[in-house]
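Residues per chain are reported as follows:
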Amino acid sequence: MAGVPAVRISIESACEKQVQEVGLDGSETYLQPLSMSQNLARLAQRIDFSQGSGSEEDEPGSAGRAWTEPGEAEDEEGLVKFQPSLWPWDSVRNNLRSALTEMCVLYDVLSIVKDKKFMTLDPVVQDPLPPKQNPQFLQLISKKKSLAGAAQILLKGAERLSKSVAENQENKRQRDFNSELLRLRQHWKLRKVGDKILGDLSYRSAGSLFLHHGTFEVIKNTDIDLDKKIPEDYCPLDVQIPSDLEGSAYIKVSIQKQAPDIGDLGTVNLFKRPLPKSKPGSPHWQTKLETAQNVLLCKEIFAQLSREAVQIKSQIPHIVVKNQIISQPFPGLQLSISLCHSSNDKKSQKAASEKQNPEDHLYVLEHNLHQLIRECHKQTLSSTVMPHPASAPFGHKRMRLAGPQAFDKNDISCLQSNEGLLEKIIKQAKHIFLRRRTARTIDSLASRIEDPQIQAHWSNINDVYESSVKVLITSQGYEQICKSIQLQLNIGVEQIRVVHRDGRVITLSHQEQELQDFLLSQMSQHQVHAVQQLAKVMGWHVLSFSNHVGLGPVESIGNASAITVASPNGDYAISVRNGPESGSKVMVQFPRSQCKDLPKGDVLQDSKWNHLRGPFKEVQWNKMEGRNFVYKMELLMAALTPC
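Residues take numbers from 1 onward in each chain, read along the sequence in its written order. Local features in a predicted model are, by the rule used here, given only for residues with pLDDT of at least 70; side-chain atom pairs are given and counted only at 80 or more, and totals for whole chains, interfaces and linings are based on all residues. Hydrogen atoms and water are omitted, and side-chain values are computed over all heavy atoms in the structure.

## A word on the overall build of the chain
- The secondary structure content of the chain amounts to 13 helices and 20 strands.
- Contacts are residue-level and defined by heavy atoms, with any inter-residue pair within 4.5 Å sufficient. Nonlocal contacts in the chain, meaning residues at least 24 apart in sequence, comprise 58% of its contacts between residues at least 6 apart.
- Only the protein chains shown count as covering a residue, and every accessible area follows the Shrake-Rupley method with a 1.4 Å probe. Here the chain displays about 45,200 Å² of accessible surface, and carbon together with sulfur accounts for 54% of that area. Secondary structure is summarised from DSSP: a helix means a run of H or I of at least four residues, a strand means a run of E of at least two, and numbering begins at the N terminus for each.

## Description of the sheet that holds strand β7 (residues 248-257)
- Pairing is antiparallel across the open sheet formed by four strands, whose spatial order is β7-β10-β9-β8. Of all the strands in the sheet, just β7 and β8 (319-321) have a single pairing partner and so form its edges. Within the sheet, the average angular offset between the axes of one strand and its neighbour, ignoring direction, is 15°.
- What makes two strands pair is DSSP finding at least two bridges between them. Note that strand β9 (residues 324-327) and strand β10 (residues 333-342) share four bridges and pair antiparallel. Across the sheet, the residue bridging to I326 is S336, located in β10.
- Against the sheet, helix α7 (residues 284-311) makes contact with β7, β8, β9 and β10, and its axis sits at roughly 40° relative to β7, the strand it touches most.
- Where helix α11 (residues 421-448) meets the sheet, it contacts β7, β9 and β10, and its direction lies at approximately 115° from that of β10. Convention adopted: a line fitted to C-alpha atoms gives each axis, helices being fitted over their contacting stretch, and angles between N-to-C directions are expressed from 0 to 180 degrees.

## Things to note about the confidence of the model for the chain
- Averaged over every residue, the pLDDT of the chain is 78; the share at 70 or more is 73%.
- Per-element mean pLDDT across the chain ranges from 43 in helix α2 (residues 55-67) up to 93 in strand β14 (residues 496-499).
- Predictor confidence is given residue by residue as pLDDT, running from a minimum of 0 to a maximum of 100. Segment residues 55-82: pLDDT under 50, and 13 contacts once partners within four positions in sequence are set aside and those in other chains are kept.

## As for the pattern of salt bridges
- Any carboxyl oxygen of Asp or Glu within 4 Å of a side-chain nitrogen of Lys or Arg constitutes a salt bridge here. Enumeration over the complete set of coordinates arrives at seven salt bridges.
- A salt bridge links R183 to E180, with the shortest nitrogen-to-oxygen separation between them at 3.9 Å. You can see R183 and its partner E180 sitting in helix α6 (residues 177-187), three residues apart, about one turn around the helix.
- Remark: exposure states derive from per-residue accessible area (1.4 Å probe, protein chains only) relative to the maximum for the residue type, with buried under 20%, exposed over 50%, and partly exposed in between. For E180, a relative accessible area of 1% gives the class buried.
- For D200, the salt bridge goes to R204, with nearest N and O atoms at 3.5 Å.
- By relative accessible area, which is 15% here, D200 ends up buried.
- For R204, a relative accessible area of 39% translates into the label partly exposed.

## Details of the packing of aromatic side chains
- Only Phe, Tyr and Trp rings are paired, with Trp represented by its six-membered ring, and only when their centres lie within 6.5 Å; those with planes under 30 degrees apart are stacked, over 60 edge-to-face, the remainder tilted. Enumeration according to the criterion identifies four aromatic pairs in this entry.
- With 5.8 Å between their ring centres and 85° between their planes, Y572 and F590 make a pair best called edge-to-face. Of this pair, Y572 sits in the loop between β17 (561-566) and β18 (573-579) while F590 is found in strand β19 (residues 583-591), placing the two residues 18 residues apart along the sequence.
- For F590, a relative accessible area of 24% puts it in the partly exposed group.
- With 5.3 Å between their ring centres and 50° between their planes, W621 and F629 make a pair best called tilted. Like W621, the residue F629 is buried in the burial classification.
- Charge-over-ring contacts are defined here by two conditions on Lys NZ or Arg CZ: a distance within 6 Å of the ring centre and an angle within 35 degrees of the ring normal. Across the ring face of F330, the terminal group of K430 is positioned such that the distance to the ring centre comes to 5.9 Å.

## With respect to the pairing of strand β3 (residues 189-193)
- Sheet analysis places β3 next to strand β4 (residues 196-200), joined by five bridges and oriented antiparallel. Bridge assignment links V193 to a residue of β4, and that residue is K196.
- Between the end of β3 and the start of β4, which pair antiparallel, lie two residues, with G194 showing a positive phi angle near 70°.

This is the structure we're talking about:
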């Protein structure tokens, strides 16, 4: 078999894992196969790095390999390459040889140093030891170092802050056109037409039907030289609005006395409001567009009012003169609604400054006009046609009935009435004027008449067409006793409803004199009611009481009131008559025994008739002491009351 060539056979290891542990139940625990890195580390551990690789070590091996036959050499290729040394003193020989090499090197170095031809050795200079320092000096040095470190940190922080501020300023100055256009697009509707960028100022998306296009153009600001210093308020974007929307505008609503000649009225150019200033942090184009949109809205409001003023048929026709609408809510008064538009040129500003009049603008009505026009927009936007029957309209059932239970023409017209913008603002103006007139009347009476006192408590929650005020008539110092006169005034559009404490309702017109006469009569009745309440407290008896006396002089304002009270023992009696114009008249009746000037007659012979009271005697009321009418009456009753 020696002559047969060797055949290589590749043997693969079984792909089974090595068993690490066999449990008592027969279960086997396998070892995980090694990874490539772990296998490499295991093979490296088998190498003996302490074995030399010199030429002398390879000689015996090479001689031995030369003596072997070719067939044996091929068989030994698969054996381990790390064979033991063939010489018994091989390790001793290698160690002696390495020691000889080191000794030769040391000899060469010493000979070079000794001769000093090629190398010179100098001693190393050592640092002297530091002297002992003072502990205070050490503390000072440590504090100095800590302060220097803190100062370095603060300087670095200040440098970073200055860099961030500089970067922010640089970013603010270098805002480009696209970023500014993105901000503009977030607030306004924009569209691109050709090579232009157009925006929309109108309220068409909110339901407006105004015919003005309200289009503005977005342009790039090229008026500044970028090589020079850029101002802080520089903006690379600018807007170009229509010429008729430039400047500022507002609706002026005022109520004033009727002008003697309507023909003298002309174009109103009052403008006392300052131009709106831009808010800090907002771009200038935002303020410019908001002002232009406000001008457009004012023009829409005035156009709607003018159209309704021409279409509405009223007893007193409305007048439209240029930019002013004149109406007459009450006789002798006129409501003026004007469109005040001021452009930015110097001529219009000069004309506006020359024509300034005393400010009588009703800001509430201007605000209400803006609210009403927005309600109209909302109704227009939400006016969707719902499914409805073809034979009858939606609504109340009585609208589809016939006979006595059906609605008449007036009821149907009231249900289907749709007031316009002008009618609503006229009604609100009437209510505001009537409320102001009522307040002025009450204040004038309170300042003019000190006794009794009149107080007005206005309600904070009111409607645009109705307000309420509670009127109290009292006497100073007797508020707890005299609470009989309490009035509730409900101020409407054209009339005032007065509700008494007992539930009686009186309707007054818009005339100021009528309200004043009514309050004066109530103040006159208050004095008589106060005497009645005081008599109950003092123990006097009320003999008669009347709010409307038919005897005596006739009052031009209302009626006089009277009351008669008697003392507790019945000896004295006091009669009080109070009128809105005639004032108070107080009379006292004494017993007959105290009246010496009575004529003696033979008719009354019995002495029992002497206990009757005699005639009345008038009291000089102006000479009585006391701060008010009720206080004087209390003193009089106290003087006539027996001890």
